[in-house]
Amino acid sequence: MTSKKILSLFTHAYVVFFLCYMLLPLAIMAAAAFNKHSIPTVMPWKGATLEWFAILFNDGILWKAVVNSFIIGAGVICLSIPIGLAGALFLMQLSSKARSLFYAVMVSPILTPGVIIGISTLVFWNTFGVSGGIFLTIIGQTTFISSFCMLLFMARLQRFDKSLEEAALDLGASQHQVFFRVVLPFLRPTIITAVGIAFLQSFENYNTTLFVIGAQSTMTIRIAGMVRLGLTPEVNALALIFIGLTVTAAIAYELKRRAEKRRQAVQKEAAKQADAMAPIAPGADMVPA
Amino acid sequence: MNSSNGMFKGFLYRYGKIMTAYILLTVAVWIMGMILLPQFLMVDYSFWAVDEVAQAKAMNQVAVLETRLDRLDAEIRAAQKEMRAAGDAAEKDRISRRIADLERRAGEVEAGFVPLDKAISDPPRAYGLKNYAYLAKNTLHRSIFFKTMVVSLTVTFTAFLLCYPIAYYLAQVVNKQTAAVVFIGLITPYWVNEILRTFAWLMMLSQNGLINIALQALGIVDAPVDFLNNNSGVIIGMVYCYVLFMVFPIYNTLDTLDHNQIEAARDLGAGWWRIHTRIAIPHAKPGIAVGCIMTFMVAAGTYAVPSILGGTSSLWFTQVIYSWFFDGGNWNQGSAYAFVLLVLCIVFIMAMTRLFKVRLEDIAK
């Protein structure tokens, strides 16, 4: 019993240590954004300042790179969602043998190092005289982000009740109507998720982008340049903003999830009560929760 | 033929003409135009080099033609001078005929430049293993390649050791509420840009970073440790950046393990070590394989972490590839190096799927 307790204590201590390992560097990076010291550090502390945020907001080169990142992200979304959807619909219709072959090819971009996707895209388009820039970056990123989207759509489509489709077709709907009225609405939540993931993947991509961006810049490329060649706590200010956005999003997501759960629990409880009170009642949802 | 015909009919029945056209066309463009052809072209690049002998020969010929052209030009100018000095019409006529002849010969020489210029700007390709032989012979690049491989394996193994307890804890020990909170703690760094995550560790590990300050204050070391110029900085940074690729797959498989199995084993007297080696780890095998594959792949293929935490004396193989493309200007050599890296990753994936007996289909879940 005591050995079990020691083990449990040890496990909890380890988890706390691990969380510190994950979060402490970020906290220190964020804290250095307020230090007056001209290089990013928390020791020695030379007094608090907001100067670095002012410098960040006036950094024209960085904001231009951010605009590029948004353009590329939008382009990647516009291409990878339709491609990923087509890929998922394609695979669902194949026999199992052909499916594993095509599946292997279509997920291979995820298992290929990003630099290689960048290089192959660069070499390929170079034969048509297209050199690195925003266009090639969109193409290069779309190559593997489409695979992620495809996997999301496949996971959702596997839960799709095919008889719905059959029923719609039997009742005289055209395949078009079936797709736009039945399949697409079913996929809607996944499309929203896929848009979010595609954008985040695109926005933070470095390894592929590095090879295809040419003389242009994205935010990630620009930050890497700032980090490598002499930097000021301006980067820390930017990092703090990022961390703030992330934490807010994570907390919002968790709160929403809990509220959803509570709502479901309340509904379930109400249904149970309704069942108990009036076993033959037409609808449990008539009973106020 | 028949089955593909049936497949096509199935598509038409299910999706109709327009949707079928959209699906097949999009998939074809993606697979051919974005995945396969670019890869094939990269591999093709890696197997040829500019035929330097032919290129040098063409340059020599250009030089020969240029002197010949210069001489003809000089003769034409001399003749034009004579022409201005000439008195009678007969002589003028003779000189002008000579000029016309010289100009014709100059034109011929100029035409000779055209094929040579093409041979220089778009030089003939010599296929062979030259680019690979270069890597095999270059001791520095070869050692960087092996270092990349060994360090990536170290990163993968370290990440596994660090992550397995966390994944087990989240899946089997705590309730869902606590797990959700811990998950937020794990995901938050992952949403922060990879470059910024690495930069956070640069601040921790640099000469006067927090870790060196702590080590010196505790009296463990006298002088600051140079984490950035041995490989430790890269290993620490990579483990930090890529742990989530390890935690999630293992968590997903451990989550499906029925806790009663563990209780039963414990009731029957199994110690915690046996519970892990005989029940939990075998059950988590697919997750471990996927975690190792993803971690190794991103570690071997990253440019960001080593370029920030690697210092100048410990290059990564991707950095060598990059410099072939953008500093050395030899894409063929760079493509060969990139292909070697790709083969390394494929070999690792195959080894892991064999070792852990998982299929590719299970990987991307």
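### Considering the overall build of chain A
(1) Moving on: The helix and strand inventory of chain A stands at 11 helices and zero strands.
(2) Moving on: Its helices and strands taken in sequence order, chain A reads α-α-α-α-α-α-α-α-α-α-α from the N to the C terminus.
(3) Moving on: Its C-alpha radius of gyration of 26 Å places chain A more than 25% over the 19 Å reference for a compact globule of 289 residues.
(4) Moving on: In terms of its C-alpha atoms, chain A occupies a principal-axis envelope of roughly 75 × 65 × 45 Å.

### Here's the deal with the overall build of chain B
(1) Moving on: Summing up its helical and strand segments, chain B has 15 helices and two strands in all.
(2) Moving on: Whereas a compact globule of 365 residues would reach a radius of gyration of roughly 21 Å, chain B reaches 33 Å, over 25% beyond that.
(3) Moving on: Principal axes of the C-alpha set define a box for chain B whose edges measure 125 × 75 × 35 Å.
(4) Moving on: Out of the 365 residues belonging to chain B, those deemed buried represent 35%.

### Topic: the interface of chain A and chain B
(1) Moving on: Counting residues at the interface gives 72 residues for chain A, matched by 71 residues for chain B.
(2) Moving on: Per-element tally for the side of chain A that touches chain B: the top contributor is helix α1 (residues 2-31) of chain A, with 12 residues.
(3) Moving on: Each residue belonging to the side of chain A that touches chain B can be placed in one class, and the counts come to 49 nonpolar, 20 polar and three charged.

### As for the nonpolar core
(1) Moving on: One finds A239 of chain A together with A167, V247, I250, I321, A338 and L341 of chain B to be the most contacted residues of the largest nonpolar core, which totals 158 residues.
(2) Moving on: Residue contributions to this core peak at 17 residues, all from helix α9 (residues 232-255) of chain B.
(3) Moving on: Among all residues touching I250 of chain B, those that are not within four sequence positions of it are C163, Y164, A167, A284, G287, I288 and G291 of chain B.

### Observations regarding the packing of helix α6 (residues 134-157) of chain A against helix α8 (residues 175-204) of chain A
Residues and elements named next belong to chain A.
(1) Moving on: The interhelical angle for the contact between α6 and α8, taken along N-to-C directions, is 155°, at an axis separation of 10 Å. When the axes of α6 and α8 are compared, the pair comes out roughly antiparallel. The handedness of the crossing between α6 and α8 is right-handed. Where α6 approaches α8, its residues Q141, I145, F148, C149, L152, F153 and R156 are matched on the opposing element by L187, T190, T193, A194, I197, A198, Q201 and S202.
(2) Moving on: In the contact of α6 with α8, the residues fall into nine nonpolar, five polar and one charged.

### Comments concerning the packing of α9 of chain B against helix α11 (residues 272-300) of chain B
Residue and element names in this part refer to chain B.
(1) Moving on: For the pair α9 and α11, the least separation of the axes is 8 Å and the interaxial angle reads 150°. Classed by the angle they form, the pair α9 and α11 counts as roughly antiparallel. You can see that α9 and α11 cross each other, and the crossing is right-handed. Together, M238, Y242, F245, M246, P249, I250, N252, T253 and L254 of α9 and A280, H283, A284, P286, G287, I288, V290, G291, M294, T295, V298 and A299 of α11 make up the contact between the two elements.
(2) Moving on: For the contact of α9 with α11, the residue count by class is 15 nonpolar, six polar and no charged.

### Some details on the environment of T112 of chain A
(1) Moving on: Tracing the backbone through its elements, the reader meets T112 of chain A in the loop between α4 (96-111) and α5 (114-126).
(2) Moving on: C-alpha of T112 of chain A to C-alpha of F144 of chain A: the two residues are 32 residues apart in sequence and 8.7 Å apart in space.
(3) Moving on: Residues contacting T112 of chain A, with those up to four places away along its chain left out, are I117 of chain A together with L342 of chain B.

### Topic: α9 of chain B
It helps to recall that an α-helix has 3.6 residues per turn; residues three or four apart then point in one direction.
Residue and element names in this part refer to chain B.
(1) Moving on: Compared with an ideal rise of 1.5 Å per residue, which puts 24 residues at 34 Å, α9 spans 33 Å between its outermost C-alpha atoms and is within 8% of the ideal.
(2) Moving on: Its axis deflected by about 50° at Y242, α9 carries its strongest bend there.
(3) Moving on: Counted residue by residue, α9 has 21 buried out of 24 residues, so it is predominantly covered.

### Overview of unusual backbone geometry
Residues and elements named next belong to chain B.
(1) Moving on: The phi angle at K357 is positive, at roughly 50°, despite the residue not being glycine.
(2) Moving on: As for its placement among the helices and strands, K357 is situated in the loop between α14 (331-356) and α15 (360-363).
(3) Moving on: You can call K357 exposed: it has 9 C-beta atoms within 10 Å.

### A word on the environment of N332 of chain B
(1) Moving on: Summarising the element assignment, N332 of chain B is placed in helix α14.
(2) Moving on: Setting aside its immediate chain neighbours within four residues, N332 of chain B contacts Y45, S46, W48, A49 and N131 of chain B.

### Regarding the environment of F186 of chain A
All names here are of chain A.
(1) Moving on: On the secondary structure map, F186 appears in helix α8.
(2) Moving on: Residue classification places F186 among the partly exposed residues on the basis of 16 C-beta atoms within 10 Å.
(3) Moving on: A C-alpha to C-alpha distance of 29 Å links F186 and I71, two positions 115 residues apart in sequence.

### A few points about the confidence of the model for chain B
Detailed reading of the predicted coordinates is not advisable wherever pLDDT is low.
(1) Moving on: Averaged over chain B, the pLDDT score is 87; the fraction of residues at 70 or greater is 97%.
(2) Moving on: With pTM at 0.85, the complex prediction returns an ipTM value of 0.84.

Conventions and cut-offs
Residues numbered from 1 in each chain as written. Chains lettered and ligands numbered in written order. Predicted model: local features only at pLDDT ≥ 70, side-chain atom pairs only at ≥ 80, totals over all residues. Helix = DSSP H or I, 4+ residues; strand = E, 2+ residues; numbered from the N terminus. Rg over C-alpha atoms; globule rule 2.2 N^0.38 Å. Buried ≥ 20, exposed ≤ 12 C-beta atoms within 10 Å, placed from the backbone. Contact = placed C-beta atoms within 7 Å. Nonpolar A, V, L, I, M, F, W, Y, C, P; charged D, E, K, R; others polar. Core = buried A, V, L, I, M, F, W, Y, C linked by C-beta atoms within 7 Å. Axes fitted to C-alpha atoms, helices over the stretch in contact; angles between N-to-C directions. Parallel < 35°, antiparallel > 145°, perpendicular 65-115°, else oblique. Left-handed = near helix turned anticlockwise from the far one by under 90°. Expected span 1.5 Å × (residues − 1). Bend = angle between axes of the 7 residues up to and from the residue. pLDDT = per-residue confidence, 0-100.

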